[in-house]
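For reference, the chains in residue letters:
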Amino acid sequence: MWEWEEQQRTPVKVDAPSEGAEALVVATHSSNSIYKYADDTAIFGHITSHDETAYRDEVRNLVEGCLDNNISLNVSKPEELVIDFRKQGGDHTPLHINGVAAEMVNWLFGNSNSEITADMQGYQGGNFSHTEFLLIGFHELKEQRWLLFFPFCLMFMLSTVANSALIFVITAQRSLHSPMCVLIGAMACVDLSLPVFFVPKMLLSLLFNWDAISLLGCLVQMFFIHFVGSFQSSILLWMALDRYAAICIPLRYNEYTNTSSSLKFIVAAVLRNGIFILVIVILAGNLPYCSSNVIDHCFCEHMALVSVANGSTVINSSVGLGAVFCVTTLDFVCIVVSYGKIFISVFKTTTGKSSRKAIHTCTTHIIVMCVTYFSAMTAFFTYRVKNSISPNIRVLISTMYLLFPSCFNPIIYGIRTKEIREQILKLIKRTKVDQTSFKVSSLMQN
């Protein structure tokens, strides 16, 4: 919501009668602007979250400053224009200056059919002013920005090759079709597909400055990034439950890992993750984007897009926090409880080789879990908590929380999971033998 006088003209600097009077044209809050033209003064206030405190304090400071500097105010002249972008509108208490209420010249709603200004590009009927956005992540690097193409491209290639190789080994070897290896393969599928939704566009932006993306494209990208990414947490939970059933209740293990139980878990995860992410995207799509179409990020992350919206974003932030709690936090708590019970059971009932094997298997999953959750929480708090982190570092953290686990997970699983490591080594040896046999055969023919 904005308030200003009935006319908005180009500001001009005028001589003030004193230092105190000159200070009156300087806003005291970052959400306000004061324009001085001749003997008129206009206050432009950007109000969010239904909090008009800064705007009203600005008016009061101006009135008190005029009194302190012996500047007379024509209390019959002040007028107020309110533009309310809230869908349902709301009540607005008129300003009072020296006991006289300011005249309300107009009150425009964001859901009316009124054209507000040309600068707002004809915001009508709740539609967006901007249908195209610019992703300008790492813009502070300026001419050196293109150099980031190489490390991100290498990481993308590593993720693609490593996860593809892991999926191939697991699907090709029947001995790796156990529930745990299948879950590792599912995690590799998520890690393989997640970077595909944002890295190619990001690389083109870094190399050729192709920064533009449509609003629809932005919302689609946001949905798939968050939807696919949410399954990292779901699969980690499934792994923890699988280890819990195998170690703590081995006699009922087959009951918990049969096809029926697996389908129930998959359906529940898809519905939970899908509903939350879909609601988040719909709410973000309904926000008005009138002031700016510049997103300081390399891809359409939820909070990065919402941060450039106008009007109140309280609902968006609340639903986003709810999704984090119901998906990421809830999964994390269940995982910690599961591994806690596993370690208690291992130390109480098993000894020697079986104990070391159980601890080794669980440690592998815990390493992956820590890397995934640490990356996600770090990126989450850089946007939710006020900090002095530079925009470049914030974008780097948000990018790495999606890209780094995709590179890290297949390497850890390939090295630390004995069954997978043995099959990879056998495949490498078989390839070398086949190459040697081919060379010998070629020499004999010659």
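In what follows, the accompanying structure is described. Position numbers for residues count from 1 along each chain, tracking the sequence in the order it is written. Owing to the predicted nature of the model, reporting of local features is limited to residues with pLDDT of at least 70; listing and counting of side-chain atom pairs is limited to 80 or more, with chain, interface and lining totals taken over all residues. In computing side-chain values, all of the structure's heavy atoms are included and hydrogens and water are not.

1. A closer look at the overall build of the protein
Rules: Counting from the N terminus, the helices are DSSP H or I runs at least four residues long and the strands are E runs at least two residues long. We call a residue buried when its accessible area falls under 20% of the maximum for its residue type, exposed when it is over 50%, and partly exposed in between, using a 1.4 Å probe and counting protein chains only. The contact rule is simple, with two residues in contact once any of their heavy atoms fall within 4.5 Å. The protein chains shown are the only cover counted for residues, whose accessible areas, like all others here, come from Shrake-Rupley with a 1.4 Å probe.
A tally of regular secondary structure across the protein gives 13 helices and ten strands. For the protein, the proportion of its 446 residues judged to be buried stands at 41%. Partitioning the intrachain contacts of the protein with sequence separation of at least 6 by distance along the chain shows that 74% fall at a separation of at least 24. By element, 63% of the accessible surface of the protein is carried by carbon and sulfur atoms, the whole surface being about 23,700 Å².

2. Some thoughts on the nonpolar core
As a reminder, the rule being used: Residues belong to a common nonpolar core when they are buried Ala, Val, Leu, Ile, Met, Phe, Trp, Tyr or Cys residues joined through side-chain atoms within 4.5 Å.
Counting 77 residues, the largest nonpolar core has Leu236, Met239, Tyr289 and Leu305 as its most contacted members. Membership of the second largest hydrophobic core comes to eleven residues, among which are Ile34, Ile43, Val63 and Leu95.

3. Points about the sheet that holds strand E9 (residues 212–214)
Filter applied, for reference: Here the rule is simple: two strands pair whenever DSSP picks up at least two bridges between them.
A sheet is described by the order of its strands in space; here three strands give the open sequence E9-E8-E10, paired in mixed fashion. Here the strands that pair on one side only, and so sit at the sheet edges, are E9 and strand E10 (294–295). Of the strand pairs in this sheet, strand E8 (residues 132–135) and E9 are connected by three bridges, and their pairing is antiparallel. Of the residues in E9, the one forming a bridge with Glu132 is Ser214.

4. Description of helix H5 (residues 199–208)
Rule in force here: Think of the arc as the fan of directions from the helix axis to the C-beta atoms.
Along H5, the residues classified as buried are Val199, Met202, Leu203, Ser205 and Leu206. The arc enclosing the buried residues of H5, seen along the axis, measures out at 160°, which places them on a common side. Immediately downstream of H5, the backbone of Asn209 shows phi near 60°, a positive value.

5. Re the pattern of salt bridges
Condition: When a carboxyl oxygen of Asp or Glu lies within 4 Å of a side-chain nitrogen of Lys or Arg, that pair is called a salt bridge.
According to the stated counting rule, one finds four salt bridges in the structure shown. Residue Arg252 is joined to Glu255 by a salt bridge in which the shortest nitrogen-to-oxygen separation is 3.5 Å. In this structure Arg252 comes out as partly exposed when scored by relative accessible area, which is 40%. In this structure, Arg272 engages Asp331 in a salt bridge whose closest nitrogen and oxygen atoms are separated by 2.9 Å. With Arg272 in helix H8 (residues 259–285) and Asp331 in helix H10 (residues 314–349), this pair connects stretches of sequence that are 59 residues apart. For Arg272, a relative accessible area of 23% corresponds to the partly exposed category.

6. Side note on the packing of H8 against H10
Counted only if it meets this: Only C-alpha atoms enter the line fits that serve as axes; for helices the fit covers just the stretch in contact. Angles between N-to-C directions range over 0 to 180 degrees. Orientation is classified from the angle alone, with under 35 degrees giving roughly parallel, over 145 giving roughly antiparallel, 65 to 115 giving roughly perpendicular, and any other angle giving oblique. In this scheme the crossing of two helices becomes right-handed for a clockwise turn of the near helix relative to the far one and left-handed for an anticlockwise turn of less than a right angle. Gly falls in the polar group here, along with every residue not listed as nonpolar (Ala, Val, Leu, Ile, Met, Phe, Trp, Tyr, Cys, Pro) or charged (Asp, Glu, Lys, Arg).
Between H8 and H10, the least distance of the axes is 10 Å, while the angle of their chain directions is 160°. Between H8 and H10, the interaxial angle falls into the category roughly antiparallel. Of the two elements, H8 crosses H10, and the hand of that crossing is left-handed. When H8 is examined against H10, the residues Arg272, Asn273, Phe276, Val279, Ile280, Leu283 and Ala284 are found in contact with a partner set consisting of Ile315, Asn316, Val319, Gly320, Gly322, Ala323, Cys326, Val327 and Asp331. A per-class count over the contact of H8 with H10 returns ten nonpolar, four polar and two charged.

7. Re the packing of aromatic side chains
Rules: For this analysis, a ring pair means two rings from Phe, Tyr or Trp (six-membered ring only for Trp) whose centres lie within 6.5 Å, classed as stacked if their planes differ by under 30 degrees, edge-to-face if by over 60, and tilted for the remaining angles.
This structure, assessed with the given rule, holds 14 aromatic pairs. The interplanar angle of 40° and the centroid separation of 6.1 Å between the aromatic rings of Phe138 and Phe152 together place this pair among those described as tilted. Here the residue Phe138 occupies a position in the loop between E8 and helix H3 (149–172), and Phe152 occupies one in helix H3, the gap between them amounting to 14 residues. Assessed through its relative accessible area of 4%, Phe138 is described here as buried. With relative accessibility at 3%, the residue Phe152 sits in the buried group. On the numbers, 5.2 Å between centres and 15° between planes, the contact of Phe197 with Phe224 is stacked.

8. A look at a nonpolar patch on the surface
What counts, and what does not: Put simply, a patch holds well-exposed residues, over 30% relative accessible area, that have no salt bridge, with like charges counted together within 9 Å and Val, Leu, Ile, Met, Phe, Trp or Tyr side chains within 5 Å.
A cluster of nonpolar side chains, contributed by Trp146, Leu147, Phe150, Leu204, Leu207, Phe208 and Trp210, occupies part of the molecular surface with about 680 Å² of accessible area. The biggest single contributor to the nonpolar patch is H5, with three residues. Within the element layout of this structure, Trp146 appears in the loop between E8 and H3. Its relative accessible area of 37% is what places Trp146 among the partly exposed residues.

9. Description of the state of the cysteines
For clarity, the cut-off: Disulfides are defined in this document as cysteine sulfur pairs within 2.5 Å.
By the definition in use, this model includes one disulfide. Put simply, Cys218 and Cys300 are joined by a disulfide, and their sulfur atoms are 2.0 Å apart. Between Cys218 and Cys300 the disulfide shows an S-S torsion of about -120°. By sign, it is left-handed. With a gap of 82 residues between them, Cys218 in helix H6 (residues 215–248) and Cys300 in the loop between E10 and helix H9 (302–306) connect regions that are remote in the sequence. You'll find Cys218 and Cys300 in the same group, each marked buried.

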